[in-house]
Amino acid sequence: MWKVSVIFFALIGFSININASLLEQQRKDFVLAETMLEKGEMNEYFAIKPQLKNYPLDFYLDYQYLSKNIAKDKQVRSFIKSNKSSRYSHKLHRQWLAYLYKTEQWHKFVKNYKSSTSLTRQCQFQWARYQTAKKTSALRAVQALWMTGRPLPKSCDAILNKFSKSKFFTQKIIFQRFRNSVKRGESKLAAYLYKKITNKSMKRTADMWLKVAADASFIKQASVPKKQSELFIYATERLINNDVLDGMAFWDFKKNHYRLSKAQSHKLDRKIALQLAFNKSKLAYARLIQLNSAKDETLRAWTVRAALIEGNWQHVQVALNKLTKKERASSRWQYWQARVFRELGEPAKGDVLFSKLAKTRGFYGFVSADRMKLDYSLGNKPIKVSDKQQQNLLATRSFSIINEFKALDRVKLAQLYWNSNIARLSKAELLVSAKIAQQWGWNKIAILSVAQAKHWSDVKLRFPVEYEVSVEKNALANELPSSIIYGLIRRESMFDPLAQSPVGALGLMQIMPATGKKIVRDLRQKWKSKSILLHAESNLKFGSFYYKQMLDKFDGNDVLAAAAYNAGPHRVSRWLNFDGSLPADVWMETIPYKETRGYVAAVLTYAMIYQQQITGKKTRISSFLRDVPSTELRTKLVSSGDK
């Protein structure tokens, strides 16, 4: 019997070796086929292609071939249908539509068009419909696009030319688009449309719109007819944006002079109240508490924050009571409820909430633990998956494709394909995929996968430790805790050295090229190109140096430094325009930008997690939470020599 077993396992091993050998040969054939396709040597390409029939990236070769032969309608349609879950199906579909439009195959274009957010594609669709005897409905659809008040791409010119000669093109809609363009700040478009307004009454009104756009205070002297409520609202909004107190005074004096709907009045009252709160004005609470916030979570949250700015804990309690049951259950508002209890003389109730929060991992959990002098709770529960689960997932078509891109050292394509397929995975598959990504060193993919699965307890997976030598070196050079640098990296890029944000920030610590140039000058080095920011060592050096600059600028206050790293020092300086000083938690809670509020809390929280992972030190998060002085108070302290 044992001889049979030996033979059986020997055959399995032989089969594995054959499969591995075949796969290796197919990879070589795939690369050769790509080369032949690129060179246009089609006989050689077609000779190799049959050998790749069962190779995971055979479809990708088809995509490349069809991209170069987009006129092959039947094959293109077949590829799109067969690979509809693939990102390459969508890419080829867009290329095919562009070809159909260019070759004026209008019926095919209309039949195969899919709803798009692209203005170019929308205009092309309407032009194709116009060409297929759908003229009236196409022109109606274009009217809605035209009315947006923003410039339209050149691809819209053909259909817009027909629209401008149609019955739909009236003085009324010209004026409406003019007004919309003024509101959007599209001055060139507004000037162009102004010339097309020939109706004398509309022209006079248009004149006033342009004057208000140039100087909102014009509205104070102008005699604006009561029926021009839109102009009054636009002017008031601009006054509020320029100076909320000035805008508020004008609004309170003039609002009853115009026929405004409840919705219009509420919109402006809301804007004033929120702007006061953003400016940390103690006038904010009185205005916010009067507004109907039943269907407005933002108003409810900022009513609490306005009360915190006042420092009136009775008002904080009133505002907390206005929150929904679900909102009150969040760690954020549980923390502030605990603070209220302590401030209003019910410390036992506060301690119950603080103790409950201290059992959680997060900013409010760590701050609560400090208040109760308790250890931090990391709650680390590593994901457990079996080898078989990983093998099963890797055997699926999507992961076979990803694995092959990776094997061919096309990591970016592999990760893009992963990202396009992640939404189709079950929660169990997401957890398995996260562990695979972790093993491959794809930290960002691993973190995003567990986030998609809403699994937060694998601390080592979610907070990887990379670039230790460089981090420690830059921490020492800039007199920073290494944990802060790790916290910044984790929040900025999730350890992806090639990360690029939509606004152009690059690398591990997400540095904008303009900021990078300034840092290089400050370090007395030479700037060659922005590509240096995608070099991990350089990025870490620049990011650590910049954080230290922010720390020095704001007198060693980590809360302000972290906020400045995210939003810019100029904005943080504006957020210091208040009286006296504020506790750090209050200042953080009342940062106007939602992203920056979350950012500061995340960086400090992550720093605590990394500190325990790396050094095991017992530094508390409260040591980073120094009171935040106003600009005026900072100036006084500096002039007196007391920082």
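Cut-offs used in this document
Within each chain, residues carry numbers counting from 1 in the order of the written sequence. Under the rules for a predicted model, residues below a pLDDT of 70 receive no local features and side-chain atom pairs below 80 are neither given nor counted, while totals for whole chains, interfaces and linings still include all residues. Hydrogens and water are ignored here; the side-chain numbers use all heavy atoms of the structure. The numbering of helices and of strands both runs from the N terminus, where a helix is a DSSP run of H or I of at least 4 residues and a strand a run of E of at least 2. Residue exposure (1.4 Å probe, protein chains only): buried if accessible area is under 20% of the type maximum, exposed if over 50%, otherwise partly exposed. Values of accessible area rely on a 1.4 Å probe in the Shrake-Rupley scheme; residue burial ignores everything except the protein chains shown. Here a cavity means grid points, on a 1 Å grid over the protein atoms only, where a 1.4 Å probe fits yet cannot get out; a pocket means an open set of points with protein on both sides within 12 Å along at least five of seven lines; lining residues are those with an atom within 4 Å of a point. Grid points are joined across faces, edges and corners, and a volume is the space filled by probe spheres set on the points. By the convention adopted, Pro, Cys, Tyr, Trp, Phe, Met, Ile, Leu, Val and Ala count as nonpolar, Lys, Arg, Asp and Glu as charged, and the other residues, Gly among them, as polar. In this charge count, Lys and Arg are treated as positive and Asp and Glu as negative; neither His nor the chain ends contribute. One speaks of a salt bridge when a side-chain nitrogen belonging to Lys or Arg is within 4 Å of a carboxyl oxygen belonging to Asp or Glu. We call two residues contacting when some pair of their heavy atoms lies within 4.5 Å. The pairing test for Phe, Tyr and Trp rings, Trp by its six-membered ring, is centres within 6.5 Å, and the orientation test on the planes gives stacked under 30 degrees, edge-to-face over 60, and tilted for anything in between. To define a nonpolar core, start from buried Ala, Val, Leu, Ile, Met, Phe, Trp, Tyr and Cys residues and group those joined through side-chain atoms within 4.5 Å. Here an angle of 0 to 180 degrees is reported between the N-to-C directions of two axes, which are lines fitted to C-alpha atoms, with helices fitted over the stretch in contact. If you view the pair so one helix is near and one far, a crossing is left-handed when the near helix is turned anticlockwise from the far one by less than a right angle, and right-handed when it is turned clockwise.

Participant: Quick question: what am I supposed to make of the overall build of the protein chain here?
Facilitator: Looking only at helices and strands, the protein chain has 38 helices and two strands in total. Along the first, second and third principal axes, the C-alpha atoms of the protein chain reach 95 × 75 × 55 Å. Looking at the 643 residues of the protein chain, the share that counts as buried comes to 47%. Carbon together with sulfur atoms contributes 53% to the accessible area of the protein chain, which is approximately 33400 Å² in total.

Participant: How should the layout of surface pockets be read in this particular structure?
Facilitator: Gaps left between atoms show up when a probe the size of a water molecule is rolled over them. Estimates place the volume of the largest pocket at around 650 Å³. Every residue lining the largest pocket is counted, 27 residues in all, and those nearest its centre are Ala505, Gln510, Met512, Tyr565 and Asn566. Contributing elements (two or more residues each) for the lining of the largest pocket: helix H31 (482–492), helix H32 (513–522), helix H33 (536–553), helix H34 (558–567), helix H35 (569–574) and helix H37 (594–614). Of the residues forming the lining of the largest pocket, the biggest block, four residues, is contributed by H34. Residues belonging to the lining of the largest pocket are distributed by class as follows: 14 nonpolar, eight polar and five charged. There is about 550 Å³ of room inside the second largest pocket.

Participant: Help me understand the side chain of arginine 177 in this model?
Facilitator: Relative to the assigned elements, arginine 177 resides in helix H10 (residues 171–183). In this structure, arginine 177 is buried with no salt-bridge partner, the nearest side chain bearing the opposite charge being glutamate 186 at 8.7 Å. Each residue touching arginine 177, except ones within four places of it in the same chain, is listed here: Trp146, Met147, Gly149, Arg150, Pro151, Leu152, Leu189 and Leu193.

Participant: Looking at this structure, I do not really get H31. What am I missing?
Facilitator: With ten of eleven residues buried, H31 lies mostly within the body of the structure. Ser482, Ser483, Ile484, Ile485, Tyr486, Gly487, Leu488, Ile489, Arg490 and Glu492 are the residues of H31 that are buried. Elements in contact with the buried residues of H31: helix H28 (443–452), helix H29 (459–462), helix H30 (468–477), H33, H34 and H37. Just downstream of H31, methionine 494 is the residue with a positive phi angle, here 55°.

Participant: Teacher, can you tell me more about the pattern of salt bridges here?
Facilitator: When their charged atoms lie close together, side chains carrying opposite charge are able to pair. Per the stated rule, a full pass over the model turns up 27 salt bridges. With its nearest N and O atoms 2.6 Å apart, the salt bridge here joins lysine 49 to aspartate 58. Residue glutamate 343 is joined to arginine 339 by a salt bridge in which the shortest nitrogen-to-oxygen separation is 3.2 Å. In this pair, glutamate 343 and arginine 339 are both assigned in helix H21 (residues 331–343), four residues apart and thus about one turn of the helix distant. Residue class for arginine 339 comes out buried when judged on its relative accessible area of 7%. Taken together, the shared-partner salt bridges connect Asp252, Lys255, Asp269 and Arg287 into one network.

Participant: How should I be thinking about the packing of aromatic side chains in this particular structure?
Facilitator: To describe a pair of aromatic rings, one takes the distance between the centres and the angle between the planes. One pass over the full model with this rule turns up 47 aromatic pairs. The interplanar angle of 50° and the centroid separation of 5.6 Å between the aromatic rings of phenylalanine 30 and tyrosine 55 together place this pair among those described as tilted. With a gap of 25 residues between them, phenylalanine 30 in helix H1 (residues 2–39) and tyrosine 55 in the loop between helix H2 (42–48) and helix H3 (58–68) connect regions that are remote in the sequence. Given the relative accessible area of 0%, phenylalanine 30 is considered buried. Arranged with centres 6.0 Å apart and planes meeting at 25°, the rings of phenylalanine 232 and tryptophan 251 form a pair that is stacked. Of this pair, phenylalanine 232 sits in helix H14 (residues 229–242) while tryptophan 251 sits in helix H15 (residues 244–254), placing them 19 residues apart in sequence. Of the two residues, phenylalanine 232 and tryptophan 251, neither departs from the other in class, the shared state being buried.

Participant: I'm lost on unusual backbone geometry in this one. Help?
Facilitator: Excluding glycine, residues mostly have negative phi values, and the peptide bonds linking residues are mostly trans. In this structure, glutamate 104 is a non-glycine residue whose phi angle is positive, near 60°. Mapped onto the fold, glutamate 104 is located in the loop between helix H5 (87–102) and helix H6 (106–112). One non-glycine residue, alanine 133, adopts positive backbone phi at about 70°. Note on placement: alanine 133 falls in the loop between helix H7 (119–131) and helix H8 (135–146). The exposure class assigned to alanine 133 is exposed, which follows from its relative accessible area of 68%.

Participant: Quick question: what am I supposed to make of the nonpolar core here?
Facilitator: Grouped burial of nonpolar side chains is what soluble globular proteins tend to show. Counting residues in hydrophobic clusters, the biggest one holds 199 residues, and the most contacted among them are Leu57, Trp146, Phe178, Leu288, Trp418, Tyr547 and Trp587. A per-element tally of this core places H37 first, with eleven residues. Those residues in contact with tyrosine 547 that sit more than four places away from it in its chain are Leu480, Ile484, Leu488, Asp558, Ala561, Ala562 and Tyr565.

Participant: Even after reading the chapter, I still don't get the environment of valine 110, so can you show me in this structure?
Facilitator: Turning to its location among the elements, valine 110 is positioned in helix H6. Accessibility expressed as a relative area gives 26% for valine 110, which makes it partly exposed. Once residues lying within four places of it in the same chain are set aside, the contact partners of valine 110 are Phe125, Ala128, Arg129 and Thr132.

Participant: Just to check I follow, could you spell out the packing of helix H18 (residues 297–310) against H21 for this structure?
Facilitator: Angle between the axes and distance between the axes are the two parameters that describe a pair of packed helices. Where H18 contacts H21, the axes come no closer than 13 Å and their chain directions differ by 35°. The way H18 lies across H21 gives a crossing that is left-handed. Residues Ala301, Val304, Arg305 and Leu308 of H18 lie in contact with H21, whose contacting residues are Arg332, Trp333 and Trp336. Residues belonging to the contact of H18 with H21 are distributed by class as follows: five nonpolar, no polar and two charged.

Everything listed here is a matter of coordinates, which is why it stays silent on function.
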